Amino acid sequence: MRTCWLVPGEGGGRRLPLAHAAAVVVGRGPETGITDRRCSRRQVQLKADCNKGYVTVKQIGVNPTSVDLVDVGKDEEVKMRPGQVLHIVNKLYPYTVQFAEESGKTVTEAEEKIQTEKRPCEDSSENDDIENVPRKAKKTEVVDTQGSSAELKLSKTSVSPQEGTSSKKEHLGHWSQGLKSSMQDPKMQVYKDEKTVVIKDKYPKARYHWLILPWESIPSLKAVTREHLGLLEHMHAVGEKMIDQCPARGSLEFRLGYHAIPSMSHLHLHVISQDFDSAALKTKKHWNSFTTEYFLNSQDVIEMVRSKGKVTVKDHASELLKLPLRCHICKQQLSTIPQLKEHLRKHWPK
């Protein structure tokens, strides 16, 4: 089995072993060398999954712990993978994680070798999103929605992604980073302009399911500020344009929104038809992530940023994913996903 290590940044303390499935609490003390009293002795709990290659990070202390500069939140949990940076408290004391294979090479080293042999892997069907960027800019974009012959012709001129993003290379080896590769893949792209790119969700949860992503590197809603208001409005406008030019717009309803706690790194707006007719919709988590308050309406997010300057997510939002299965139209409760899918047929357009 692989082993996991918590590795300090330059000038930090010593490497700390994280045993598989064991809860390890770190904070101020001799192990980390942190003496800052703003850091609790029990600041953050880490639990490594050496089989799946991630570490669950739970903030215990009062002051903020962050992953990739996004605050975790008191008693909240996030998954962290190699390539991401954990700051123990107040954006200070950086650490990364490494998984050592039996060969002695770290997972990161092994993946870098793979990157020279094939394209980065996409996210798994258990997650909600995807992405990649073209090497040459094209004048127009033509879209195949869900593999059909329907074309969406958008008038804006496309641009090379390098014009809208930093030249800094990012680690793309893990499924949580999949959007950063898919948004650069011409086969995934539906439309692009100077601010955004639209891609087809690799595992769509409905007949029509697109993701709108900014070229600007924004990890999640938690990183959004009032400075991003114009960008959010632009993303919404692009989503409405996608709906307007969809061949099924007359018969299907659509929603535009964000997941409260996204599984994929990089801000992305979902544009999804409300039929939920998809083989990729398999679990209660999938269903509830789009049909409960876990799915934040795009306009509500825009208004929140306009009035408060940031996006606030309700405490324990992840509990919404555990709610009973209910039809989003008539609210009837169903016991299983197959029963739910059969029931949804009653609401489809005749």
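Each chain carries its own residue numbering, running from 1 in the written order of its sequence. Restriction of local features to residues with pLDDT of at least 70 applies here, the model being predicted, together with a cutoff of 80 or more for giving and counting side-chain atom pairs; totals for whole chains, interfaces and linings are based on all residues. Water and hydrogen atoms were dropped before computing side-chain values, which therefore reflect all heavy atoms in the structure.

Novice: For the pattern of salt bridges, give the residues involved together with the corresponding values.
Specialist: Only one rule defines a salt bridge in this text: a Lys or Arg side-chain nitrogen within 4 Å of an Asp or Glu carboxyl oxygen. This model, assessed by the stated rule, comprises 10 salt bridges. Close ionic contact of arginine 38 with aspartate 36 constitutes a salt bridge, the shortest N to O distance being 2.8 Å. Using a 1.4 Å probe on the protein chains alone, a residue whose accessible area is under 20% of its type maximum counts as buried, one over 50% counts as exposed, and one in between counts as partly exposed. Taking the relative accessible area as the measure of exposure, arginine 38 reaches 46% and is therefore partly exposed. With its nearest N and O atoms 3.6 Å apart, the salt bridge here joins aspartate 75 to lysine 74. When its relative accessible area of 42% is taken as the criterion, lysine 74 is described as partly exposed. Through salt bridges with shared partners, a single ionic network connects Arg207, Asp275 and Asp277.

Novice: Before we move on, can you summarise helix α6 (residues 337-344) with the specific residues and values?
Specialist: Every α-helix carries 3.6 residues per turn, so stepping three or four residues along brings you back to the same face. Only DSSP runs of H or I with at least four residues qualify as helices, and only runs of E with at least two residues qualify as strands; both kinds are numbered from the N terminus onward. Among the residues of α6, those classed as buried are Ile337, Leu340, His343 and Leu344. All buried residues of α6 fall inside an arc of 120 degrees around its axis, so they share one side. The exposed set on the far side of α6, more than 90 degrees from its buried face, consists of Pro338 and Glu342. Structurally, α6 contributes buried residues whose contacts are with α4 (284-291), β17 (325-326) and β18 (333-334). If you check the start of α6, you find a side-chain oxygen 3.2 Å away from the backbone N of glutamine 339, and it comes from threonine 336. Along the arc lie the directions from the helix axis toward the C-beta atoms. The criterion used for residue contact is that any of the two residues' heavy atoms lie within 4.5 Å. Polar contact is the term for a pair of N or O atoms within 3.5 Å; when the atoms are in protein, one must be able to donate a hydrogen and the other to accept it, and sequence-neighboring residues count only if both atoms are side-chain atoms.

Novice: Would you mind going over the sheet that holds strand β1 (residues 3-8) in detail, with residue names and values included?
Specialist: By way of backbone hydrogen bonds, the strands of a sheet pair with one another, either parallel or antiparallel. Strands are treated as partners if at least two bridges between them are detected by DSSP. The six strands are arranged β2-β1-β10-β9-β6-β7 in an open sheet whose pairing can be described as antiparallel. Every interior strand has two partners, whereas the edge strands, β2 (16-18) and β7 (70-71), have only one.

Novice: Can you explain the pairing of strand β15 (residues 269-273)? Please cite residues and give values.
Specialist: Taken across its five residues, β15 has five buried, putting it largely inside the fold. By the bridge criterion, four bridges tie strand β13 (residues 209-214) to β15 in an arrangement that is antiparallel. Its bridge partner being in β15, leucine 211 is matched across the sheet by histidine 270. Sheet topology places strand β14 (residues 254-259) next to β15; four bridges connect them, and they run antiparallel. Each bridged residue has a counterpart across the sheet, and for arginine 255 the counterpart in β15 is isoleucine 272.

Novice: Kindly report on the sheet that holds strand β8 (residues 77-80), identifying the contributing residues and their values.
Specialist: Pairing is antiparallel in the open sheet, where four strands are placed in the order β3-β4-β5-β8. Both outer strands of the open sheet, β3 (23-26) and β8, are each paired with one neighbouring strand and no more. Here the strands of the sheet are splayed against their neighbours by 25 degrees on average, with no regard to which way each runs. Pairing of strand β5 (residues 54-59) with β8, which is carried by four bridges, proceeds in the antiparallel orientation. Directly across from lysine 58, in β8, lies its bridge partner glutamate 77. Every angle, taken between N-to-C directions, lies between 0 and 180 degrees, and every axis is a line fitted to C-alpha atoms, over only the stretch in contact when it is a helix.

Novice: I'd like to hear about unusual backbone geometry, residue by residue, with values.
Specialist: Backbone geometry at aspartate 75 places phi at a positive 65 degrees, although glycine is not the residue there. Within the fold, aspartate 75 resides in the loop between β7 and β8. Not every positive phi belongs to a glycine, and lysine 331 is a case in point at roughly 70 degrees. Note that lysine 331 resides in the loop between β17 and β18.

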